[in-house]
Amino acid sequence: DLVQALDQVEGIDRFRISSIEPNLLSNEIISFCLNDAQRFVPHFHVPLQSGSPDILKAMRRRYKRDVYSDRVEKIKSIMPHCCIGVDVIVGFPGETEELFMETYNFINELDVSYLHVFTYSERDNTHAVELGGVVSSQDRAKRSKMLHILSDKKRRAFYEQNIGKDATVLFETERDGDVMYGFTENYVKVKTPYNEALANQIVNVKLSEVDRDGIMKCIMQRQIESVLK
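1. Details of the overall build of the protein chain
Of regular secondary structure, the protein chain possesses 7 helices and 9 strands. Overall, the C-alpha framework of the protein chain stretches about 65 × 40 × 30 Å when taken along its three principal axes. A burial count over the protein chain gives 45% of its 229 residues as buried. Relative to all contacts within the protein chain whose residues are 6 or more apart in sequence, the contacts with residues 24 or more apart total 70%. Within the structure as shown, the protein chain displays about 12,600 Å² of accessible surface, and the carbon and sulfur contribution to it stands at 47%. The protein chain carries 30 positive and 35 negative side-chain charges, and their two centres are separated by 2 Å.

Right, here's the structure in full:
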């Protein structure tokens, strides 16, 4: 009901659903956002935290791994080019190399777009600090690096799937040298030569290529029309 009500709010062109746990991301929300919504864009950021059932249980998460893969499959069945972001934690107490690889392999097989990788750090007065199996800082760093590399691969593959597609980009006001950046409705980061007139504007573009920094280049609609003429 809240999502449907927000979709009627005037003056806001884009809503993104972020940090919603998979057990709370219902079929109704997914279907509405991808089929019927006017302002909700095709992008979900859904925390996973671990792909190991044992670690999820130790974390006291209220969902199982299969629920996560089911949510991803549901989203992609409706809209293959929907962007899905994942939160994941490495180095949680008790995470052996084998259990970490369960997470790595699970995410590697998922049709997701990028990862936000967090390294576990001890916090006072939490259940986790009472658990055994402390992971060394070296192993935490190594596992974090592996998942950051996997994230880069996932993101680039997702971007390449979008090459040649028409999209709308909301350009940001910040200037980075001679370029500016924006995001498509499905959260592809786009760069273009800086033009003050584009700042804070939603512009129709065609996505053209991914540069060596992993950012999408685009062709403005007016440039496309000029070529067609």
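2. Digging into the sheet that holds strand β9 (residues 216-220)
A barrel is described by the order of its strands in space; here 5 strands give the closed sequence β5-β6-β7-β9-β8, paired in mixed fashion. Sheet twist, expressed as the mean angle between neighbouring strand axes with direction ignored, is 55°. By the bridge criterion, 2 bridges tie strand β7 (residues 189-193) to β9 in an arrangement that is parallel. Residue Val-190 lies in a different strand from β9, and its bridge partner there is Met-216.

3. Looking at helix α2 (residues 27-36)
Owing to its 3.6 residues per turn, the α-helix aligns residues three or four sequence positions apart on the same side. All of the buried residues along α2 are Ile-30, Phe-32, Cys-33 and Leu-34. In the core, the buried residues of α2 are packed alongside α1 (2-6), β1 (15-18), β2 (40-49) and α4 (65-78).

4. Comments concerning the packing of aromatic side chains
Tallied over the entire structure, the rule returns 6 aromatic pairs. When the centroid spacing of 5.4 Å and the interplanar angle of 70° are considered together, the rings of Phe-92 and Tyr-120 count as edge-to-face. Separated by 28 residues along the polypeptide, Phe-92 in the loop between β3 (83-90) and α5 (97-109) and Tyr-120 in the loop between β4 (114-119) and α6 (137-161) bring together distant segments of the chain. A relative accessible area of 10% means that Tyr-120 is categorised as buried. An angle of 55° between the planes, with centres 6.4 Å apart, marks the rings of Phe-158 and Tyr-159 as tilted. The rings of Tyr-114, Phe-183 and Tyr-187 are connected pair by pair, giving a single aromatic cluster. Lying over the aromatic face of Tyr-181, Lys-189 brings its terminal NZ or CZ to 4.7 Å of the ring centre.

5. Thoughts on the sheet that holds β2
Taken in spatial order, the 4 strands of this open sheet run β1-β2-β3-β4, and their pairing is parallel. With partners counted over all chains shown, the strands left at the sheet margins are β1 and β4, one partner each. Between one strand and the next, the sheet's axes are offset by a mean angle of 15°, whatever the strand orientation. On the sheet, α2 packs against β1 and β2 and is oriented at approximately 145° with respect to β2. Contacts from α4 reach β2 and β3, with the element oriented near 165° to β3.

6. Looking at the layout of surface pockets
Taken as a whole, the largest pocket encloses approximately 330 Å³ of empty space. As for the largest pocket, its lining consists of 14 residues, of which Arg-61, Ile-89, Phe-92, Tyr-120 and Ala-128 are closest to the centre. Its residues assigned to classes, the lining of the largest pocket comprises 7 nonpolar, 5 polar and 2 charged.

7. Let's talk about the pairing of β1
Along any regular strand, the residues point their side chains to alternate faces of the sheet. Across the two faces of β1 the burial differs, with Phe-15 and Ile-17 buried and Arg-16 and Ser-18 not buried at all. In terms of strand pairing, β1 meets β2 through 3 bridges, oriented parallel. Residue Phe-15 lies in a different strand from β2, and its bridge partner there is Phe-40. For the segment spanning β1, α2 and β2, crossover handedness is right-handed.

8. Concerning the pattern of salt bridges
Under the definition given, this model contains 10 salt bridges. The salt bridge partner of Lys-142 is Glu-97, with a shortest N-O separation of 3.3 Å. Of this pair, Lys-142 sits in helix α6 while Glu-97 sits in helix α5, and the two are 45 residues apart along the sequence. Two residues, Glu-160 and Arg-156, come together in a salt bridge whose shortest N-O distance is 3.4 Å.

9. With respect to the environment of Phe-92
Owing to a relative accessible area of 7%, Phe-92 belongs among the buried residues under this scheme. Residues contacting Phe-92, with those up to four places away along its chain left out, are Ile-55, Ala-58, Met-59, Tyr-120, Ala-128, Leu-131 and Val-135.

Conventions and cut-offs
- The residue count restarts for each chain, going from 1 along the sequence in the order it is written.
- Only residues with pLDDT of 70 or above have their local features reported here, since the model is predicted, and side-chain atom pairs are shown and tallied only from 80 upward, although totals for entire chains, interfaces and linings are computed over all residues.
- Water and hydrogen atoms play no part in the side-chain values, which are based on all heavy atoms of the structure.
- Elements are defined by DSSP. Helices are runs of H or I of four residues or more, strands are runs of E of two residues or more, and each kind is numbered from the N terminus.
- Relative accessibility under 20% of the residue-type maximum defines a buried residue, over 50% an exposed one, and the middle range a partly exposed one, all with a 1.4 Å probe and only protein chains included.
- Working rule for contacts: check all heavy atoms of both residues, and any pair within 4.5 Å makes them a contact.
- Using the Shrake-Rupley algorithm and a 1.4 Å probe, accessible areas are obtained, with residue cover drawn only from the displayed protein chains.
- A residue counts as positive if it is Lys or Arg and as negative if it is Asp or Glu; His and the chain ends are not included.
- A charge is said to be at NZ when it belongs to Lys, at CZ for Arg, at CG for Asp and at CD for Glu.
- Whether two strands pair depends on DSSP finding at least two bridges between them.
- Interaxial angle, 0 to 180 degrees, is taken between N-to-C directions of lines fitted to C-alpha atoms, where a helix line uses only the stretch in contact.
- Only the six-membered ring of Trp is used, alongside the rings of Phe and Tyr, when aromatic pairs are assigned; centres must lie within 6.5 Å, and planes under 30 degrees apart are stacked while those over 60 apart are edge-to-face, with the rest tilted.
- Geometrically, a charge over a ring is one whose NZ (Lys) or CZ (Arg) sits within 6 Å of the ring centre while staying within 35 degrees of the ring normal.
- Put plainly, a pocket is an open set of points on a 1 Å grid over the protein atoms alone with protein on both sides within 12 Å along at least five of seven lines, a cavity is a set where a 1.4 Å probe fits but cannot get out, and a lining residue has an atom within 4 Å of a point.
- Grid points are joined across faces, edges and corners, and a volume is the space filled by probe spheres set on the points.
- In the scheme used here, Gly and all other residues not listed as nonpolar or charged are polar, with Ala, Val, Leu, Ile, Met, Phe, Trp, Tyr, Cys and Pro taken as nonpolar and Asp, Glu, Lys and Arg as charged.
- A clockwise path from the first strand over the helix to the second, with the strands pointing away from the viewer, defines a right-handed crossover.
- Criterion for a salt bridge: a side-chain nitrogen of Lys or Arg within 4 Å of a carboxyl oxygen of Asp or Glu.

Taken by themselves, the reported measurements are silent on function.
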